[in-house]
Amino acid sequence: MEDNEHKTDSRRGFLKKISTGSILAASGLAFSSLSSCKNKSTEKTTLLTPDGKLVQVPNSEIEAMEHLYHGAPPKEARKGIPGKKFVMVVDLSKCKNARKCVQACDKHHNLTPDRPYIKVLEMQDNEESSPYWMPKKCFQCDNPPCVKVCPVGATFKRTDGIVLIDNERCIGCRFCMAACPYSARVFNWGNPPEGKLDIPYSPETSLPSKHGTVAKCDFCPDMLRQDKLPHCVSACPNGVIYFGNELEDAVTNGEETVRLSTLLRDKAGYRYMEELGTKPRVYYLPPVDRLFPFEKENSENKTS
Amino acid sequence: MSKQGEHKQEFNDRREKDLLRHILKTSLSYKLWVGFLILVILIGTYGYYRQLKYGLIVTAMRDYTSWGIYISNFVFFVAISLVGSLFSSILKLNKNEWSKPLTRISEIIAVSAIICAIVIIIVDMGRPDRFFYVIKYLRIQSPIIWDVIIISTYLVISLILLYTSLLPDVALCRDRLTAVPKWKKKLYRIMAINWHNDPKQVAMLQKVTKILAISVLPVAFAIHTVTSWLFATTWRPGWDSTNLGPYFVSGAFMAGAAAIIIAMYFIRKFINLNAYITESHFDKMGKLLVLLSLVYLYFNINEYLGPAFKMVGVEGEHITELFVGKYAPMYWFVQLGGLVLPIVLLLFKGMRRSLPISIISTFIILGAWFKRFLIVIPSLQHPYLPIQGVDESYLHYNPTWEEWTITLASFAWFLLIITVLIKLFPIIPIQKHEHVSKRHPILNFQK
């Protein structure tokens, strides 16, 4: 675990390079929105505002701003992150069902193990071929059946390609669950297990979850706003999951950054059940030249 | 001439007396029946209280079987409600005389069923407190919104249909019933809105009834077609079918006709209307039911033969589960006991008598309810991607006692609305203009 955390830090570098500006813009926002409140703390930090001025902000106020990174409030969350079209590539040849993506996702979305957003499925394409592990999240379809059927617009498609749910609007009819051909959605049948989380609600983190509403994998937009990778990507010990911006034609698994179009062409990338016309934003690379044999139990998932 | 007039007078007096009697006299069996229904409703209310308190977790629905018996019950009630249009539109526009005494029963059943459908869909919502978001944040693209629009339209038309046909009789109640409590008098007075059998009023009412009879038909077809689209617009096996609209509509007419027959049986028995609802009515209803069942059988074959012949992927798994798997007993009970056998039996005249046909109709109704269970639940248990990595309870669906009591309470509501409306108003239209001979059954009927 220690090792993983160091890796995570180094992985952050990649997306940071893509747009350092947005972080500075956000801190500028932090300053202006908080400058009215008085603080007697003497320690200050120097920050650069969007208009190029250097300003000093008390440390306590910087901490307070961490809350903003819990994700945008419902209205804000309907707009995507500008200039992005997020895309994911899952290399099935590298997955050994280590379940680290599931655990990281559960932890950050406050989920119980019996009801995860990510499912690692045991798949077998035909009787002759050997089985393989298929990590499955929400495919964030460009032609999303769930969004089409929602009677109140509680689930929506953003400009950056992400499909999110506003659980302050969801009426709990579960039509989206029936409509999703990939069974990506879960429902809060009872009260959320975490009890009352005392943070402002954001569709970007799906937290705090509300009973009687639907939820699903959200591609962690709160992380993306900080130019960090989604939790499942950085948690994977085998670099199975690549993530990036389609507009830049680049994806990374945190260790290597590759050209999206080349990767999909060279490794015969495909989208699950392409024929349905849902246009998923998650691609799979077929399980050829596998790194691991197919085992139900291995050293990494045994303890979980 | 005068003899004919005498007969007519005697006929009308007798008719009024017979058809208003149950309003004046409250029998013990009526009180017991209403008490029983209220008890069932109270138990269901407790189940719903628990559901509101703890959430839908008290049901057996989980992430894969995300719709359960609430939704199948909803589809069932929508189906039953179609029968109103069968009588007040199809049979009426075809100038059938025999079906006229049954029109009001059918209209009452339609109104009651559609109200229960609306209630049960609110029960199914994870957030009933946000019901009005459906209007506030309405998205016209969603088939649910189409359903909301068409069901409320049908409710309004059905209520107006019931009311307009009731209007002359309510006026009669106002004029004739003097020995009823004050609130009832007031009710009749308000509801009769100055109706005096004025030729002008009668002409206007006939016009309105005709317009309604024509306009209710497309709306009735639409409510069940749109309800079928809630399923047909998705990719689930068994739902992903172009056949679903006519399949649902034909099944609805069959179930509705069976419901009418059962209602006829009990109304005739408990309000003593043997002269008004005759064996000939049961015979004709039996023939009609066979016709409607044959249409439904045709669409059933269409629904299953194609996928069963091809057996492709999850569609094949779904069919296998229905034909020989977990749901096979229920499936064959529904198809044989609730469809094929009734058709065969009702071909015999003896089976179209009141008692046997009512028993057969009960099987049809049971079959119709479980058929909707089979439409909703097994489809959800056969997603494209395998069900893995979830809690054991997610793999099965066995409705909990809360779900059953709430569902039974919805039936009790359905029956209670019907019972109360029957108690308040004449169940057979009294105002009638027909040739009366001395041999008319009503004049010769001995109680």
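### Here we look at the overall build of chain B
- Across its full length, chain B holds 16 helices and zero strands.
- Taken over C-alpha atoms, the radius of gyration comes to 23 Å for chain B, in line with the 22 Å a tight globule of 447 residues would show.
- In terms of overall dimensions, chain B has a C-alpha envelope of 85 × 50 × 40 Å along the principal axes.
- Going through the 447 residues of chain B one by one, you find that 43% of them count as buried.
- In chain B, the proportion of contacts linking residues at least 24 apart, taken out of those at least 6 apart, comes to 84%.

### Thoughts on the overall build of chain A
- In terms of regular secondary structure, chain A is built from 10 helices and 13 strands.
- When each of the 304 residues of chain A is scored for burial, the buried share is 44%.
- Intrachain contacts of chain A at a sequence separation of at least 6 include 61% that bridge at least 24 residues.

### Observations regarding the sheet that holds strand 3 (residues 86–91) of chain A
All names here are of chain A.
- Taken in spatial order, the five strands make up an open sheet running 12-11-10-3-13, and their pairing is mixed. Two strands in the sheet have a free side with no partner beyond their single neighbour: strand 12 (257–259) and strand 13 (282–285). Strand-to-strand twist in this sheet, taken as the mean axis angle between neighbours without regard to direction, amounts to 25 degrees.
- As paired elements, strand 10 (residues 241–245) and strand 11 (residues 250–252) share three bridges and run antiparallel to each other. Bridge pairing links Gly244 to Val251 in strand 11.

### So, the packing of helix 12 (residues 313–323) of chain B against helix 14 (residues 354–380) of chain B
Residue and element names in this part refer to chain B.
- Closest axis-to-axis distance for the helix 12/helix 14 pair is 10 Å, and the angle between their directions is 130 degrees. As far as their axial angle goes, helix 14 and helix 12 are oblique. The chirality of how helix 12 crosses helix 14 is right-handed. Contacts between helix 12 and helix 14 pair His318, Glu321 and Leu322 from the former with Leu374, Pro378 and Ser379 from the latter.
- When the residues that make up the contact of helix 12 with helix 14 are grouped by side-chain class, the tally is three nonpolar, two polar and one charged.

### Focus: the packing of helix 10 (residues 244–270) of chain B against helix 11 (residues 279–310) of chain B
Residues and elements named next belong to chain B.
- Running from amino to carboxyl end, helix 10 crosses helix 11 at an angle of 155 degrees, the nearest separation of the two axes being 8 Å. Classified by the angle between their axes, helix 10 and helix 11 sit roughly antiparallel to one another. Note on packing geometry: the crossing formed by helix 10 with helix 11 is left-handed. Where helix 10 approaches helix 11, its residues Pro246, Tyr247, Ser250, Gly251, Phe253, Met254, Ala257, Ala258, Ile260, Ile261 and Met264 are matched on the opposing element by His281, Phe282, Met285, Leu288, Leu289, Leu292, Ser293, Val295, Tyr296, Phe299 and Glu303.
- In the contact of helix 10 with helix 11, the residues fall into 17 nonpolar, four polar and one charged.

### Re the nonpolar core
- Within the largest apolar cluster, 183 residues are counted, with the highest numbers of intra-cluster contacts made by Ile241 of chain A together with Val83, Ile109, Ala117, Ala255, Ala257 and Ile260 of chain B.
- For this core, the leading source of residues is helix 10 of chain B, giving 16 residues.
- Not counting residues within four places of it along the chain, the set of residues in contact with Ile260 of chain B comprises Val83, Leu102, Ile105, Ser106, Ile109 and Met285 of chain B.

### Some words on the interface of chain B and chain A
- Across the boundary between the two partners, chain B contributes 35 residues, which contact 37 residues of chain A.
- At three residues, the largest contribution of residues to the side of chain B that touches chain A is made by helix 7 (residues 143–176) of chain B.

### Looking at unusual backbone geometry
Residue and element names in this part refer to chain A.
- The amide bond that connects Leu207 to the next residue, Pro208, takes the cis arrangement and shows omega of -15 degrees.
- The topology assignment puts Pro208 in the loop between strand 8 (186–187) and strand 9 (214–215).
- The backbone phi angle of Arg174 is positive, close to 70 degrees, even though this residue is not glycine.
- Examined against the element boundaries, Arg174 turns out to sit in the loop between strand 7 (163–165) and helix 7 (175–179).
- Arg174 sits in the buried class, given 23 other C-beta atoms within 10 Å.

The rules behind these values
- Per chain, the residues get numbers from 1 upward, laid out in the order the sequence is written.
- For naming, the first written chain is A and the first written ligand is 1, with later ones following in the order written.
- Restriction of local features to residues with pLDDT of at least 70 applies here, the model being predicted, together with a cutoff of 80 or more for giving and counting side-chain atom pairs; totals for whole chains, interfaces and linings are based on all residues.
- A run of DSSP states H or I qualifies as a helix once it reaches four residues; a run of E qualifies as a strand once it reaches two. Both are numbered from the N-terminal end.
- The quantity called the radius of gyration is restricted to C-alpha atoms. Its globule counterpart is 2.2 Å times the number of residues to the power 0.38.
- Buried means a residue has 20 or more other C-beta atoms within 10 Å of its own C-beta, exposed means 12 or fewer, and partly exposed covers the counts in between; C-beta atoms are placed from the backbone.
- Two residues qualify as being in contact provided that their C-beta atoms, derived from the backbone, are within 7 Å of each other.
- Strand pairing is assigned whenever DSSP identifies at least 2 bridges connecting the two strands.
- Angles shown run from 0 to 180 degrees and are taken between the N-to-C directions of axes, each axis being a line fitted to C-alpha atoms and, for helices, limited to the stretch in contact.
- To sort the angles, those under 35 degrees are grouped as roughly parallel, those over 145 as roughly antiparallel, those from 65 to 115 as roughly perpendicular, and the leftovers as oblique.
- Note on convention: near helix rotated counterclockwise from far helix by under a right angle means a left-handed crossing. Clockwise means right-handed.
- Three classes are used: nonpolar for Ala, Val, Leu, Ile, Met, Phe, Trp, Tyr, Cys and Pro, charged for Asp, Glu, Lys and Arg, and polar for all others, with Gly counted as polar.
- For the purposes of this analysis, a nonpolar core is taken to be any set of buried Ala, Val, Leu, Ile, Met, Phe, Trp, Tyr and Cys residues that are connected through C-beta atoms within 7 Å.

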